[in-house]
Amino acid sequence: MNIAASGDRPQAQKHGHGPTPVIAVIGNPNIGKSTLFNQLTGLRQKIANFPGVTVEKHVGTVTLTSGDANIVDLPGTYSLSANSPDEMIVADVLYGQVEDTEIPDMVLVVVDASTLRRNLFLVSQVIEAGLPTVVALNMVDVAEANGINIDVERLGAELGVRVIPVNAARGQGIDAVKGAMVDALQQPHLSSLNVLPDVRKASAELARELRDAGNHVEDYEVERALVDAGGYAEQRLQRACTTDIIPQLEAVRERLSPDRPLGASEAHRRYAWINALADEVETSAVKTGVSLTERLDAVVSHPLAGSVLFVLVMAIVFQSVFAWATPLMDSIDAVAGALSDRLNASLPEGALTSLLVDGVIAGVGSVVIFLPQILILFAFIIVLEDSGYMARAAFMMDRVMRACGLSGTSFVPMLSSFACAVPGIMATRIIPNRRDRIATILAAPFMTCSARLPVYALLISAFVPQQTYLAGIINLQGMVLFGLYLLGIVGGVTTAWLFKRTALRGPTPSFLMELPPYRLPNLKSLLIRLWERARIFLVRAGTVIFSVAVIIWALVYFPHPQSIQDEFDMKREIAALKYDGEVLAQRLNDLDNQQAAAYLEQSYLGRIGKTIEPIFRPLGWDWKVSSAVVASFPAREVVIAVMGTIYAVGGEVDEESAGLRKRITAATWPDGSKVFTLPMVIGLLVFYAFCLQCVATVAAIGRETDSWRWPVIAWVYMTALGYAGAFLVVQLGSAG
Amino acid sequence: MTLAELKTGQKAVVSGFKEYSPLTQRIMQLGVLEDTVLEVLRRAPAGDPIEIRLLGYALSLRQSEASLIELRDIR
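Residues numbered from 1 in each chain as written. Chains lettered and ligands numbered in written order. Predicted model: local features only at pLDDT ≥ 70, side-chain atom pairs only at ≥ 80, totals over all residues. Heavy atoms only, no water.

### With respect to the overall build of chain A
Next up, step 1: Of the regular secondary structure elements, chain A holds 32 helices and 12 strands.
Next up, step 2: Buried residues in chain A amount to 55% of all 736 residues.
Next up, step 3: Pairs at least 24 apart in sequence give 74% of the contacts found in chain A among residues at least 6 apart.
Next up, step 4: When the accessible surface of chain A is totalled, it reaches about 31,000 Å², and 61% of it is carbon and sulfur.
Next up, step 5: Averaging the positions of the 59 positive and the 70 negative side-chain charges in chain A gives two centres separated by 4 Å. (Helix = DSSP H or I, 4+ residues; strand = E, 2+ residues; numbered from the N terminus. Buried < 20%, exposed > 50% of the residue type's maximum accessible area, 1.4 Å probe, protein only. Contact = heavy atoms within 4.5 Å. Areas by Shrake-Rupley, 256 points an atom, 1.4 Å probe, with all protein chains shown as cover. Lys, Arg positive; Asp, Glu negative; His and termini not counted. Charge placed at Lys NZ, Arg CZ, Asp CG, Glu CD.)

### What to know about the pattern of salt bridges
Next up, step 1: Tallied over the entire structure, the rule returns 37 salt bridges over all chains.
Next up, step 2: As a salt-bridge pair, Glu 158 of chain A and Arg 154 of chain A come within 3.8 Å of each other at their nearest N and O atoms. Taken together, the residues span about one helical turn, with Glu 158 of chain A and Arg 154 of chain A both in helix α5 (residues 152–159) at a distance of four residues.
Next up, step 3: A relative accessible area of 35% places Arg 154 of chain A in the partly exposed class.
Next up, step 4: Note that Arg 42 of chain B is salt-bridged to Glu 51 of chain B, the shortest N-O span being 2.8 Å. Residues Arg 42 of chain B and Glu 51 of chain B agree in their burial class; the two are buried. (Salt bridge = Lys/Arg side-chain N within 4 Å of Asp/Glu carboxyl O.)

### Here we look at the domain arrangement of chain A
Residue and element names in this part refer to chain A.
Next up, step 1: As far as domains go, chain A holds domain 1 (22–186), domain 2 (197–262) and domain 3 (303–501).
Next up, step 2: Look at where the C-alpha atoms of domain 1 and domain 2 centre, and you get two points 28 Å apart.
Next up, step 3: Carbon and sulfur atoms supply 52% of the area buried between domain 1 and domain 2, which totals about 970 Å² over both sides.
Next up, step 4: Where domain 1 meets domain 2, there are one salt bridge.
Next up, step 5: The salt bridge involving Asp 92 is made with Arg 236; its shortest N-O contact spans 2.7 Å.
Next up, step 6: Taken together, domain 1 and domain 2 are joined by six residue pairs in polar contact (both at pLDDT 80 or more).
Next up, step 7: With four residues, helix α2 (residues 85–94) is the largest single contributor of residues to the side of domain 1 that touches domain 2.
Next up, step 8: Taken together, the residues of the side of domain 1 that touches domain 2 break down into six nonpolar, five polar and two charged. (Domains from an automatic or database assignment. Buried area = accessible area lost by both parts, 1.4 Å probe. Polar contact = N/O pair within 3.5 Å; in protein donor to acceptor, adjacent residues only side chain to side chain. Nonpolar A, V, L, I, M, F, W, Y, C, P; charged D, E, K, R; others polar.)

### Topic: the packing of helix α22 (residues 476–501) of chain A against helix α32 (residues 709–735) of chain A
Residue and element names in this part refer to chain A.
Next up, step 1: Running from N to C, α22 and α32 cross one another at 130 degrees; their axes reach a closest spacing of 13 Å. Taken as axis vectors, α22 and α32 run oblique relative to one another. The hand of the α22/α32 crossing is right-handed. Within the contact between the two elements, α22 uses Thr 495, Leu 498 and Phe 499 and α32 uses Trp 710, Ile 713 and Tyr 717.
Next up, step 2: Tallied by class, residues from the contact of α22 with α32 come to five nonpolar, one polar and no charged. (Axes fitted to C-alpha atoms, helices over the stretch in contact; angles between N-to-C directions. Parallel < 35°, antiparallel > 145°, perpendicular 65-115°, else oblique. Left-handed = near helix turned anticlockwise from the far one by under 90°.)

### Side note on unusual backbone geometry
Next up, step 1: With an omega of 5 degrees, the peptide bond running from Phe 558 of chain A to Pro 559 of chain A counts as cis.
Next up, step 2: Among the secondary structure elements, Pro 559 of chain A is positioned in the loop between α23 (523–557) and α24 (562–578).
Next up, step 3: The residue after Asp 48 of chain B, namely Pro 49 of chain B, is reached through a cis peptide bond having omega 0 degrees.
Next up, step 4: Tracing the sequence through the fold places Pro 49 of chain B in the loop between β2 (37–43) and β3 (50–54).
Next up, step 5: Even without glycine at this site, Asp 35 of chain B takes up a positive phi of about 80 degrees.
Next up, step 6: For Asp 35 of chain B, the position within the fold is in the loop between α1 (22–29) and β2.
Next up, step 7: Here Asp 35 of chain B falls in the exposed class, since its relative accessible area comes to 55%.
Next up, step 8: The residue Leu 55 of chain B is not glycine, and still its phi comes out positive at about 45 degrees.
Next up, step 9: When you line up the elements, Leu 55 of chain B lands in the loop between β3 and β4 (57–61).

### Focus on the packing of aromatic side chains
Residue and element names in this part refer to chain A.
Next up, step 1: The full count for this structure, using the stated rule, is 11 aromatic pairs over all chains.
Next up, step 2: Between the aromatic rings of Phe 687 and Tyr 688, the centroid separation amounts to 6.0 Å while the plane-to-plane angle is 70 degrees, which identifies the pairing as edge-to-face. Side by side, Phe 687 and Tyr 688 carry an identical accessibility label, which is buried.
Next up, step 3: Among the aromatic residues, ring-to-ring pairing joins Phe 446, Phe 499, Phe 690, Trp 710 and Tyr 717 into one connected group.
Next up, step 4: Over the ring of Tyr 518 we find Arg 392; its NZ or CZ atom is 4.2 Å from the centre of that ring.
Next up, step 5: In this structure, Lys 571 is placed above the aromatic ring of Phe 568, and the distance from its NZ or CZ to the ring centre is 4.8 Å. (Phe/Tyr/Trp six-rings, centres within 6.5 Å; stacked < 30°, edge-to-face > 60°. Lys NZ or Arg CZ within 6 Å of the ring centre and 35° of its normal.)

### Structural notes on the packing of helix α8 (residues 219–227) of chain A against helix α9 (residues 232–240) of chain A
Residues and elements named next belong to chain A.
Next up, step 1: For the pair α8 and α9, the least separation of the axes is 7 Å and the interaxial angle reads 125 degrees. By the angle between their directions, the pair α8 and α9 is classed as oblique. In this structure, α8 crosses over α9, and the sense of that crossing is left-handed. In this structure, α8 contributes Tyr 220, Glu 221, Val 222, Arg 224 and Ala 225 to the contact, and α9 contributes Ala 233, Glu 234, Arg 236 and Leu 237.

### Examining α8 of chain A
Think of an α-helix as turning once every 3.6 residues; residues three or four places apart then point the same way.
Next up, step 1: With nine of nine residues buried, α8 of chain A is to be regarded as a mostly interior element.
Next up, step 2: For α8 of chain A, the complete set of buried residues consists of Asp 219, Tyr 220, Glu 221, Val 222, Glu 223, Arg 224, Ala 225, Leu 226 and Val 227 of chain A.

If you want it as structure tokens, here you go:
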């Protein structure tokens with residue numbers, strides 16, 4: 001085909017390799033790229049960030065016969081054109097322009113055989129980047145079921161690269177891919193493919209001109225800027241140059257493509273080449289019958305049936321999070337309790353034992369207990385995503401999302417925020433429009449994240465009666481949880497609408513999205529991703545939450561004055577003289593509780609809590625709750641650990657009520673009335689539904705909006721809303 | 001006639017674009033080009049966005065985006 005000489009990369013800076021080669025994996029979204037990546041690496045992978053941008057970077061290690069290689073999974077993309085910094089990262093990695101990521105020694109392009117033509121657009125662009133390339137032809141079975149047969153040998157010969165058929169979901173062809181990788185690494189071979197030699201040549205010339213004028217630019221940056229008029233590459237090139245380069249770009253575009261815009265010309269010429277190629281290598285039989293996807297979509301994407309199904313799916317998800325997790329949570333609780341008892345029995349009383357039992361085990365244990373719920377929720381989200389349902393939900397929700405000024409593309413970041421707002425906010429990078437991105441970023445932290453779940457779960461299980469209706473199908477606790485999720489959604493949607501109407505006014509952006517065929521999620525891939533999430537959660541529990549638990553324990557334990565010990569020792573002696581038998585035992589028990597309470601009031605946290613108590617008094621919070629809430633502003637789930645520590649140290653000693661939920665149910669004001677009344681608890685839940693208590697989220701907002709203004713606005717706005725909401729609930733509840 | 005006006009179940013051939021922008025460039029890169037045959041599969045609630053089939057895959061786009069795509073040979 002095209003034999004125009006190219007493929008050498010005079011401008012690309014070879015960073016100089018260590019002993020471990022680097023392999024980049026690239027491909028369209030929804031084609032099983034991540035599944036193949038997981039098959040290649042197994043558990044030997046981790047999630048990091050690309051520097052400068054906040055695109056998730058999945059890196060792993062693959063073992064080849066030639067030794068280990070580092071493998072980088074790039075975000076799914078349809079072309080190398082970029083409308084946002086996120087999309088530019090793929091081209092930048094291929095050209096070795098990303099710090100921390102060495103220029104790849106080879107590229108693995110994953111291709112969906114059932115949509116070969118659309119996939120070949122990216123394949124041709126990647127091959128032209130001039131790196132040794134291997135194509136993994138995935139879903140050959142799906143293509144064959146659709147009546148499409150591909151001549152793999154011929155395709156490889158025409159592209160000038162090895163093409164390996166694989167079935168990523170079943171793990172077939174993985175060894176062949178590894179073999180081709182070894183060959184590409186050991187005997188690097190470059191394809192001579194060049195679909196647009198004139199554009200390549202003109203870009204190199206213009207780049208040389210610009211470099212001669214003292215600008216630091218790369219050939220590929222100029223090529224992308226030329227082709228993507230008005231795109232991100234053009235803006236970035238302009239920023240990198242000292243003079244106005246738009247007239248120069250326009251002149252070259254005009255010369256290369258006088259009849260139509262150069263970008264349109266690129267698309268037409270590539271597809272002309274693709275169609276000629278595909279006509280040679282692809283034979284498709286006439287397909288009969290209706291596909292499974294079409295039959296499912298008749299229901300799932302049906303305006304009425306689909307909407308009912310959507311609500312049903314969400315309700316099932318949240319019911320399961322509650323119902324299935326309970327036995328697992330009970331066993332974690334039992335293990336933590338047994339561990340505490342063992343330590344209490346075997347270690348002498350004192351600061352160290354208290355640190356281990358009341359600080360470390362109580363604090364970390366009360367957060368780790370929510371791991372089962374988080375894993376179940378994540379499993380559902382991953383299954384919904386991988387099965388193709390998520391895209392349908394976005395399709396169905398687009399019109400609704402537009403009512404608050406957003407698009408269906410905002411739906412996925414918002415839904416991801418149900419797990420954690422940080423990846424959700426990072427996922428807003430797929431939204432090309434900046435105003436929409438900011439509105440979505442402001443709405444995202446309202447979605448009920450996994451860190452809110454422990455707080456909800458604790459308060460609901462302690463204060464909402466365990467009632468079931470309709471023969472046990474509907475459970476009141478589950479419904480309250482569902483209501484809190486709805487509250488978060490309403491809060492987020494209203495916020496987006498409000499900001500889009502005022503500070504972020506502007507036109508509504510595009511909604512181009514593929515609706516992938518329905519597929520059975522891959523179990524191995526699901527488990528690997530669940531493990532990755534569990535690891536992130538446990539690392540967080542082991543670092544941030546562990547540190548906060550220890551600090552809070554110290555604030556609760558110290559100064560621990562001897563005077564209190566002396567005072568209560570004296571009271572015990574007096575009691576021993578006055579009473580005996582059961583009355584004495586009861587009296588001594590009371591004194592122990594009073595002593596613990598006295599220590600707590602004297603403690604640093606007690607003093608902080610008392611100082612700020614007046615602020616939270618209208619919400620019905622005493623100084624213990626106030627202290628716990630304030631201590632949880634760095635990370636909201638810490639409130640459980642803090643409450644665990646406060647109530648364990650100030651513990652009403654009762655063998656029957658070892659759990660935290662029983663201790664807070666028993667908490668009283670000095671006059672004996674309950675602290676945790678129903679209005680106060682609902683107010684507290686509303687406060688946690690709205691408040692922005694997460695340092696990581698605040699930092700992510702700052703990074704993604706590239707300003708300090710938006711995180712400050714978000715924090716003040718959400719905290720005020722949380723306070724106002726809780727105030728309203730408590731006042732209404734008390735009046736009624 | 002534009003894609004926005006094409007009825008559910010109808011097929012047509014793309015004849016051109018109303019404007020050229022990063023948006024239409026992206027649409028073209030997805031394979032919606034002059035001479036591409038496409039079919040409207042369904043519409044979301046309230047008739048917007050729409051789902052079309054082309055090159056063996058399904059793509060969703062809004063009425064406002066569909067109205068940029070001009071059609072011929074409606075079947």
